[in-house]
Amino acid sequence: MDGYSMIEQLHATAGKQSLPGKRAGSLIVAALAFACTNALAQSVPEPSEPEDLAPLSSSEQGQVSLDESFAPKTRRERIREQRKQALEDTKADVQFRTYYLDRDKFDGSESTALTAGGRAGFKTGYFRDRIAIGATAYTSQKLYGPEDRDGTLLLKPGQQGYTVIGEVYGQFRLNDDIMLDIGRKELESPYINKQDNRMTPNTFETIMLGGTVATGGSGGEWRFGLGYVDEMKKRNATEFVSMAQAAGALAGVERGVYAGGVNFKQGELSIGAVNYYSDDIMNTFYTEARYGVPLSEDRVKLKFAAQYSAQDSTGDELLTGGSFSTSQFGLKAELAVGSALFSTAWNSTGDGADLRSPWGSIPSYNSVQVQDFNRAGEDSLMLRAAYSFKSVPNLSAYALWVNGSQPEDPGQSAQDEYDLNLQWTGTSGSFKGFSVRARYAVVTQDMGGPDLQDFRLIFNYDPPGL
């Protein structure tokens, strides 16, 4: 989970009014500009005497007199070294991606596209050991995509290619374990995340504070986060909009999301919780616990997990125009035996409303390739088996089945989804950095009619030298 931060001055208004998105965005941009200016200022030498006007000396080249010994480095020398180190520590992040998706829907329509693109970005080292700067551009370009087969989310609406600068941020290192991020960047948390399952990810305009705290000699670790997220760029979009509009509120509704969470991990135990609050939109609370039990040395391990989500409308209820409240509970068990992994999971969603996740992938255990099984009143059961092939290094496969019960809405139907996934990653030689993944899903409905079929073929290449 990425860190979160809560900056009080971003919520200066009282009562039910949240800080307008444009105003919060301007504060974020101003703060980022200030940080970047401070960092880049190190690249501008301070006024000084020309170095070639040093006084004449009778000492032989390479000699050091006693009065020149043991002297500390000057401030200029320290800044020059730190700047040089920050530039040397700059890392590039480049990935090339080709993606084919074809989906036959329940209503008989079809969505198809073949695209090429990826991302290119960088992150500097820390200037003065405190401030780093990062940026990433993303692109998706059409290779094939009939206009009457729109809807894959690989391209913009109308099967249009796009290029967007999705990340521009500054990162402040408060100490070795605590970071403050300001700007536009990818985030990772249960309900606000990059959802990188198409050509390009979600990115967010945010102020985030996050870090870790060790618990002395016990071996445990606390991870915490606190933050405000003002705007979001969805996967196949080129513009940032308020988090309220990204959730489905009408244009002009400017609301962000305050998020805070904590997680404790020690050995095979992990437990934590996070809350997301948006004025007049909704509040989502999520908690999860995991525990592993080794049954033999390095061969057999049993893991258990439980999750709970609670979601309610807030304030003036500008998302739907009315109140809503729902929840979801889930249990999961995994058995690892050598190169195989067997899993089963159960989720139950409350009758009040569907469980929403408009700002990223939903964390439900039974959210799979096509369906999330998060409809009001829906219970779902998953069986899954995965295997890593020893005969072909780095080749793995899994198959799963999810059964979803009849939801609360009588116009909807109970569903079953069957998924098959095959993935290979190159780790040496000419194929290092290359991966290919094939995915196929079928969704059936008890009410009959055409099945939904979804096929995906994804090629990624991460240049090893970057």
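It should be emphasised that the depicted structure is a prediction, and the values quoted were computed from it without experimental measurement.

## What to know about the nonpolar core
- Counting residues in each nonpolar core, the largest one holds 26 residues, and the members touching the most others are Ile192, Phe204, Val229, Met243, Tyr276, Ile281 and Trp359.
- Listed by contribution, the elements that provide at least two residues to this core are strand E6 (203-214), strand E7 (221-233), helix H3 (243-247), strand E9 (257-266), strand E10 (269-278) and strand E11 (282-294).
- Ranked by residues supplied to this core, first place goes to H3 with four residues.
- With sequence-adjacent residues up to four places away left out, Ile281 is seen in contact with Ala244, Ala247, Ala249, Val253, Arg255, Asp312, Ser313, Thr314, Leu318, Leu319 and Phe324.

## Focus on the environment of Tyr100
- Tracing the backbone shows Tyr100 in strand E1 (residues 91-104).
- Along the backbone, Tyr100 and Ala438 are 338 residues apart, and their C-alpha atoms lie at a distance of 9.7 Å.
- Once residues within four sequence positions are removed from consideration, Tyr100 is found in contact with Thr112, Ala113, Leu114, Phe455, Arg456 and Leu457.

## A closer look at the side chain of Arg375
- Note that Arg375 resides in the loop between strand E14 (340-349) and strand E15 (379-389).
- Residue Arg375 is classed as buried on the basis of its relative accessible area of 12%.
- Among the polar contacts listed, one links the side chain of Arg375 to the side chain of Glu378, at a separation of 2.8 Å.
- If we ignore the near neighbours within four places in the chain, the residues touching Arg375 are Thr349, Asp354, Ser405, Pro407, Gln412, Ser413, Ala414 and Gln415.

## Let's talk about the environment of Asp316
- Following the sequence through the fold, Asp316 ends up in the loop between strand E12 (300-313) and strand E13 (325-337).
- Using a relative accessible area of 43% as the deciding quantity, one classes Asp316 as partly exposed.
- When the C-alpha atoms of Asp316 and Asp280 are compared, they prove to be 4.8 Å apart, with 36 residues separating the residues in sequence.

## A word on the side chain of Thr349
- Within the secondary structure, Thr349 is located in strand E14.
- At 2.9 Å, the side chain of Thr349 forms a polar contact with the side chain of Gln328.

## Re the pairing of strand E3 (residues 131-144)
- Note: strand E2 (residues 110-123) against E3, 10 bridges, orientation antiparallel. Within E3, the residue paired with Gly118 across the bridge is Thr139.
- Relative to strand E4 (residues 162-175), E3 runs antiparallel, the two being bridged by 10 bridges. The residue bridging Thr139 from the neighbouring strand is Thr163, located in E4.

## Looking at the pattern of salt bridges
- One pass over the full model with this rule turns up 18 salt bridges.
- Among the ionic pairs, Glu231 bridges to Arg184, the shortest N-O distance being 3.7 Å. Remark: Arg184 occurs in strand E5 (residues 178-185) and Glu231 occurs in strand E7; sequence separation between them is 47 residues.
- Residue Arg184 is classed as partly exposed on the basis of its relative accessible area of 28%.
- We note a salt bridge from Glu186 to Lys194, for which the minimum N-O separation is 3.7 Å.
- Connected via shared salt-bridge partners are Asp93, Arg119 and Asp462.

## Structural notes on a negative patch on the surface
- Taken together, the side chains of Asp351, Asp354, Asp379, Glu408 and Asp409 define an acidic patch exposed on the protein surface.
- Tracing the backbone through its elements, the reader meets Asp354 in the loop between E14 and E15.

## So, the pairing of E7
- Judged from the 12 bridges that link them, E6 and E7 form a sheet pairing that is antiparallel. Directly across from Thr203, in E7, lies its bridge partner Lys233.
- Connecting E6 to the antiparallel partner E7 that follows it, the hairpin turn spans six residues, and Gly216 within it adopts a positive phi of roughly 65°.
- By the bridge criterion, nine bridges tie E7 to E9 in an arrangement that is antiparallel. Among the inter-strand pairings, Val229 is bridged to a residue of E9, identified as Val257.
- Pairing of E7 with strand E8 (residues 241-242), which is carried by two bridges, proceeds in the antiparallel orientation. For Met232, the partnering residue across the bridge sits in E8 and is Val241.

About the cut-offs
Residues numbered from 1 in each chain as written. Predicted model: local features only at pLDDT ≥ 70, side-chain atom pairs only at ≥ 80, totals over all residues. Heavy atoms only, no water. Core = buried A, V, L, I, M, F, W, Y, C linked by side-chain atoms within 4.5 Å. Buried < 20%, exposed > 50% of the residue type's maximum accessible area, 1.4 Å probe, protein only. Helix = DSSP H or I, 4+ residues; strand = E, 2+ residues; numbered from the N terminus. Contact = heavy atoms within 4.5 Å. Polar contact = N/O pair within 3.5 Å; in protein donor to acceptor, adjacent residues only side chain to side chain. Pairing = 2+ DSSP bridges. Salt bridge = Lys/Arg side-chain N within 4 Å of Asp/Glu carboxyl O. Patch = residues over 30% accessible without salt bridge, like charges linked within 9 Å, V, L, I, M, F, W, Y side chains within 5 Å. Areas by Shrake-Rupley, 256 points an atom, 1.4 Å probe, with all protein chains shown as cover. Lys, Arg positive; Asp, Glu negative; His and termini not counted. Charge placed at Lys NZ, Arg CZ, Asp CG, Glu CD.

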